[in-house]
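Spelled out from the first residue to the last, the chains are:
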Amino acid sequence: MGWLGLDDTDHLGGGCTTWTMHRLLASLPEGAVLVDAPRLVRLHPAAPHRTRGNAALAAEIEVKCARESWIGWLEHTWRTQIKPLGDRSTPSTHNERQQSPSDPGMVWFDDPPPHTLYLRAVREILSERDLPEAKWSAGGRGRIGATAAVAWNGTEATWEGIAWRKEEHGKRRVDADLLASLDDDPSLFACRDPRKGRGLIAPRGASPVLFGLRGTTREAVEKGGALLLNAAATEPACGWQVHRTNQASGDHLTSVISTTVTNVQVKRGGHVFIETNHGAMVAFRPSGPVATLASSLGAEDVVDALGMLVDGVVHLEALRHVSGPMRSPRRPMCPHCQRRLKSMGQQQGLRCLTCNHREPARWVGVEVTPTAWIQPPIDRRRHLSPDLRYGLPDHITFVS
Ligand SMILES: [Zn+2]
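As the structure is a prediction and not an experimental result, all values here were calculated from the model. (Residues numbered from 1 in each chain as written. Predicted model: local features only at pLDDT ≥ 70, side-chain atom pairs only at ≥ 80, totals over all residues.)

S.K.: Explain the overall build of the protein to me, using residue names and the numbers behind them.
M.R.: Check the secondary structure of the protein and you find seven helices and 22 strands. On the principal axes, the C-alpha backbone points of the protein span a range of 100 × 50 × 35 Å. A burial count over the protein gives 37% of its 400 residues as buried. Considering only contacts within the protein whose residues lie at least 6 apart along the sequence, 69% involve residues at least 24 apart. (Helix = DSSP H or I, 4+ residues; strand = E, 2+ residues; numbered from the N terminus. Buried ≥ 20, exposed ≤ 12 C-beta atoms within 10 Å, placed from the backbone. Contact = placed C-beta atoms within 7 Å.)

S.K.: Pulling in residues and values, what's your account of the pairing of strand β4 (residues 105-109)?
M.R.: Judged by how many residues are buried, β4 sits mostly within the fold: five of five residues are covered. Here β4 shows no split at all, with G105, V107 and F109 on one side and M106 and W108 on the other all buried. Examined bridge by bridge, strand β1 (residues 2-7) and β4 share five bridges and lie antiparallel to one another. Opposite G5, over in β4, you have V107 as the bridge partner. As defined by bridge partners, β4 adjoins strand β5 (residues 136-139) across four bridges and the pair is classed as antiparallel. (Pairing = 2+ DSSP bridges.)

S.K.: I'd like to hear about the nonpolar core, residue by residue, with values.
M.R.: By size, the foremost hydrophobic cluster in this structure holds 37 residues, and its most contacted members are V41, A56, A58, A148 and A149. Broken down by secondary-structure element, the contributors of at least two residues to this core are β1, α1 (17-26), β2 (32-42), β3 (55-63), α2 (67-82), β4, α3 (115-123) and α4 (142-151). Excluding residues within four positions of it along the chain, V41 makes contact with A55, A56, A58, A148, A149, W152, T245 and N246. (Core = buried A, V, L, I, M, F, W, Y, C linked by C-beta atoms within 7 Å.)

S.K.: Requested: an account of the sheet that holds β3, with residues and values cited.
M.R.: Strands sit in the order β5-β4-β1-β3-β2-β11-β6-β10-β7 across an open sheet of nine strands; the sheet is mixed. Each end of this open sheet is capped by a strand with a single partner; those strands are β5 and β7 (188-189). This element, α4, spans β1, β2, β3, β4 and β5 of the sheet and lies at about 35° to β4. (Axes fitted to C-alpha atoms, helices over the stretch in contact; angles between N-to-C directions.)

S.K.: Which residues make up the packing of α3 against α4, and what values go with them?
M.R.: Two elements in contact, α3 and α4, have axes whose closest approach is 7 Å; the angle formed by their N-to-C orientations is 130°. The angle between the axes of α3 and α4 places the two elements in the oblique class. Here α3 and α4 pass one another in a crossing that is left-handed. Residues H115, L117, Y118 and A121 of α3 pack against I144, T147, A148 and A151 of α4. In the contact of α3 with α4, the residues fall into six nonpolar, two polar and no charged. (Parallel < 35°, antiparallel > 145°, perpendicular 65-115°, else oblique. Left-handed = near helix turned anticlockwise from the far one by under 90°. Nonpolar A, V, L, I, M, F, W, Y, C, P; charged D, E, K, R; others polar.)

S.K.: Describe the domain arrangement of the protein, and please don't skip the residues or the numbers.
M.R.: By domain assignment, the protein separates into domain 1 (2-151), domain 2 (158-245) and domain 3 (255-325 + 368-399). The interface of domain 1 with domain 2 comprises 14 residues on the first partner and 15 residues on the second. For the side of domain 1 that touches domain 2, the elements supplying multiple residues, two or more each, are α1 and β2. At six residues, β2 tops the list of elements feeding residues into the side of domain 1 that touches domain 2. Of the residues that constitute the side of domain 1 that touches domain 2, the class distribution is seven nonpolar, five polar and two charged. (Domains from an automatic or database assignment.)

S.K.: For the environment of H243, give the residues involved together with the corresponding values.
M.R.: One can find H243 in strand β11 (residues 237-245). Residue H243 is classed as buried on the basis of its C-beta count, with 27 C-beta atoms lying within 10 Å. In this structure, the C-alpha to C-alpha distance between H243 and A59, residues 184 residues apart in sequence, is 9.6 Å. Aside from chain neighbours lying at most four places away, what touches H243 is A37, P38, R39, L40, W159, E160 and I162.

Okay, structure coming up:
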């Protein structure tokens, strides 16, 4: 038994590490057998060298052939299939972030490194110096993700079935009616955007992936994937594999910050910056309802905030308005003549200017009703973001 890890074999112009791993597993030598589903592991969502969603792949393999011939196969596969995928780069057309050339990494471990290494790779930016020594490894920066993917213990898992295209060109064809029918399956998620009725499972741009179907059970993903692949309007695929994933685990998040807002500013472009007693936070415009809620906040509002700390600022992935000052505060009406009471000055109470009715100073207005957790629309969430309608993941604690 042992573990194979692979990462950083793609660039925006083409390729996908899922496809590279799929082909690699299809070419295992005699005496080497895949155990369980391969793993698709999302790592730090803001890692500077990521291509898209920062995923790495791992697979448990039972090796019955001699160690020398196994290591020989690893060497040969690296040299002929993986290494040639390095040093490729395509600039993004919609994002200012600098894309770095691909720098593949491939690792083999007899025993997986501790799960804590995976947690670090999801929450921090690791370097090659942070890695435990593999039994065998090759390549560059990709060894970081490859090792972290092997280190994930896989116990809190969701599933993603991926189908790959025969041709990497032209518009993807995935049967829309069949996809719509999968909306009713509560074990599948993020199939379609309910607001736009648009399918979310097919990537845009150059990628060998035809679609990725995500779900909470392996059975639902296997069944849904088979239906989609056999549907009339779906283009022919050249491969299909269900992966065990850490998607929706919330593993990149550690705590809910319960804090008080001190200032809110809506910046150019619609991004909302919040100053709080626990530091700066930002709700980016694409976060939709999160940015809308953030922009409605003001000083003394109490919120629960969930997000990653990036360069000293919490990038909000969920926000909850807990309490705060009354909205639209006004003086009450006179009970006798229905005119608004006036303040007589500090400590002087209120008075009706018409009938001289007096009462102690007070405000009327709209009390803050606590909100549920507000999250970005499904197509704007990170792959790792949990769906908070089902509650907070157990590992997330509160700080206040
Ligand atoms: Zn009055």
